[in-house]
Amino acid sequence: MSEPGGSELTATLRRIERAAGALATASVSRMDETLPWFRELPADQRSWVMLVAQAGVRSLVQWLREGGGTADSTQEVSDEVFATAPQALARSISLQQTVALIKVTIDVVEEQVSLLAVPGEEQQLRDAVLRFSREIAFAAARVYARAAESRGSWDARLQALLVDALLRGDSPDVLASRAAALGWSDAPPVAVAVGRSPGGEVAAVLHTVYRHARRIGVEVIGGVHGDRLVIVLGGAADPGAATEKLLPAFGEGPVVVGPAVPSLDEATDSARSALAGYRAAPAWPTAPRPVAAADLLPERSLAGDAEARRRLRRDVYAPLVRAGGELLETLDAFFAAGGTLESAARALYVHPNTVRYRLRRIAEVTGFSPLTPRDAFALQVALTVGRLDPVVPVVPTQT
């Protein structure tokens with residue numbers, strides 16, 4: 001006689017209840033025999049698995065009592081089966097391993113059906129156990145999904161804090177501790193890329209970043225700050241090329257890559273350059289995407305970036321001054337002539353070939369060719385910055 005609203009396996013259920021402890025012990029013993037990785041678990045985690053196995057048997061009884069054993073039942077197994085173990089277990093054992101544990105427990109129960117079921121109820125119990133195994137697997141998946149969501153939210157917050165620390169220029173110790181918590185291996189070189197965030201949930205944005213990063217085999221940490229997506233790349237021999245493969249993770253607009261540095265400790269410099277470049281990038285509408293922060297030195301300088309001004313003075317203007325006055329004189333004449341070589345030669349009272357030679361020397365000395373429009377712009381800004389705030393004597397050296 002079944003209980004009202006309950007199962008028709010009343011006598012069998014009493015047998016299962018009495019055998020619950022023995023079934024859990026037999027299941028754990030079988031796990032130890034058949035699953036090599038289970039034997040390597042610490043003692044506390046093995047005891048957690050025992051608790052879960054016992055809770056699983058009790059859940060089977062409750063599930064059958066409430067009608068879960070009938071073919072037309074839609075009852076779900078409660079996730080509380082896994083509440084007996086701390087959440088740390090979900091971080092130590094993968095979902096695939098959990099399914100393996102469940103399978104072992106179900107196999108042990110199925111082998112004991114002839115002893116657990118009263119005569120005539122064996123097949124009914126087997127069918128019920130089969131349906132229960134499906135429901136317990138679904139319950140495990142829900143637990144792991146929630147754990148992953150929680151872990152993803154925590155990782156996103158931690159990454160945002162790390163990126164914020166980079167942008168603020170916090171001490172290397174702060175950066176190292178936060179990076180270690182995220183499992184960052186600090187593979188060199190390290191560079192920072194900045195672009196517009198595509199919008200939406202931060203976790204979804206970062207998931208896209210990680211998916212593309214895994215495909216190209218680089219290490220990344222990402223954070224969304226306002227409307228900006230900031231990505232720290234590690235282990236990419238060519239950060240610019242790697243960032244190009246990560247472009248689908250960014251929103252529309254410029255994406256700027258800071259200079260490569262040896263480690264995360266020095267990534268603040270890369271981050272500052274990338275941010276300064278991102279702010280100045282609208283002044284170069286036809287810039288490549290991504291663009292190196294160093295290629296935006298003229299725009300950054302005009303936007304008030306002190307580091308860009310310093311680099312233009314040091315790396316462009318100062319070498320021209322040291323190389324001799326004729327290079328500066330030729331550059332001024334060339335620009336005044338609108339980039340026409342012959343007109344510059346007439347203004348200087350020299351042969352056009354002399355102007356060509358000096359222009360080649362300028363390219364060798366500075367890395368910028370006056371004959372290229374983009375380089376000519378950088379040279380003009382460098383001359384302006386250098387003359388406004390000279391850091392080297394303007395008297396040319398004698399050669």
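Residues numbered from 1 in each chain as written. Predicted model: local features only at pLDDT ≥ 70, side-chain atom pairs only at ≥ 80, totals over all residues. Heavy atoms only, no water.

Give me the environment of Thr 340: which residues, what numbers.
By the secondary structure assignment, Thr 340 is in the loop between helix 15 (325-336) and helix 16 (341-348). On the basis of relative accessible area, Thr 340 is assigned to the partly exposed category, the value being 32%. The spatial distance from the C-alpha of Thr 340 to the C-alpha of Leu 371 is 9.5 Å, given a sequence separation of 31 residues. (Helix = DSSP H or I, 4+ residues; strand = E, 2+ residues; numbered from the N terminus. Buried < 20%, exposed > 50% of the residue type's maximum accessible area, 1.4 Å probe, protein only.)

Quick rundown of the pattern of salt bridges? Include the residues and the values.
Proximity of charged atoms lets side chains of opposite charge pair with each other. If you walk through the whole model with that rule in mind, you get 11 salt bridges. Between Arg 196 and Asp 227 there is a salt bridge, with the nearest N and O atoms lying 3.1 Å from each other. One end of the pair, Arg 196, is in strand 1 (residues 190-196); the other, Asp 227, is in the loop between strand 2 (219-225) and strand 3 (228-234), and 31 residues separate them in sequence. Residue class for Asp 227 comes out partly exposed when judged on its relative accessible area of 40%. Here Asp 305 makes a salt bridge to Arg 300, at a shortest N to O gap of 2.8 Å. (Salt bridge = Lys/Arg side-chain N within 4 Å of Asp/Glu carboxyl O.)

Give me helix 4 (residues 43-65): which residues, what numbers.
If you check helix 4, its first and last C-alpha atoms are 34 Å apart, about what 23 residues at 1.5 Å a residue would give, namely 33 Å. Following helix 4 by one or two positions, Gly 67 adopts a phi angle in the positive range, close to 95°. (Expected span 1.5 Å × (residues − 1).)

I'd like a description of the pairing of strand 3, backed by residues and values.
Of all seven residues that make up strand 3, six are buried, and the element is covered over most of its length. Relative to strand 3, strand 1 runs antiparallel, the two sharing seven bridges. Paired with Gly 195 across the bridge in strand 3 is Leu 229. With seven bridges connecting them, strand 2 and strand 3 associate as antiparallel partners. Residue Val 220 lies in a different strand from strand 3, and its bridge partner there is Leu 233. Hairpin connection of strand 2 to strand 3: two residues between the antiparallel strands, including Gly 226 at a positive phi of 65°. (Pairing = 2+ DSSP bridges.)

An account of the confidence of the model for the chain is requested, with residue identities and associated values reported.
Averaged over every residue, the pLDDT of the chain is 83; the share at 70 or more is 81%. In the predicted structure, residues 1-6 sits below a pLDDT of 50 and forms nine contacts with residues beyond four places in sequence or in another chain. Scored below 50 in pLDDT, residues 394-399 makes seven contacts in the model with residues more than four places away or belonging to other chains. (pLDDT = per-residue confidence, 0-100. Contact = heavy atoms within 4.5 Å.)

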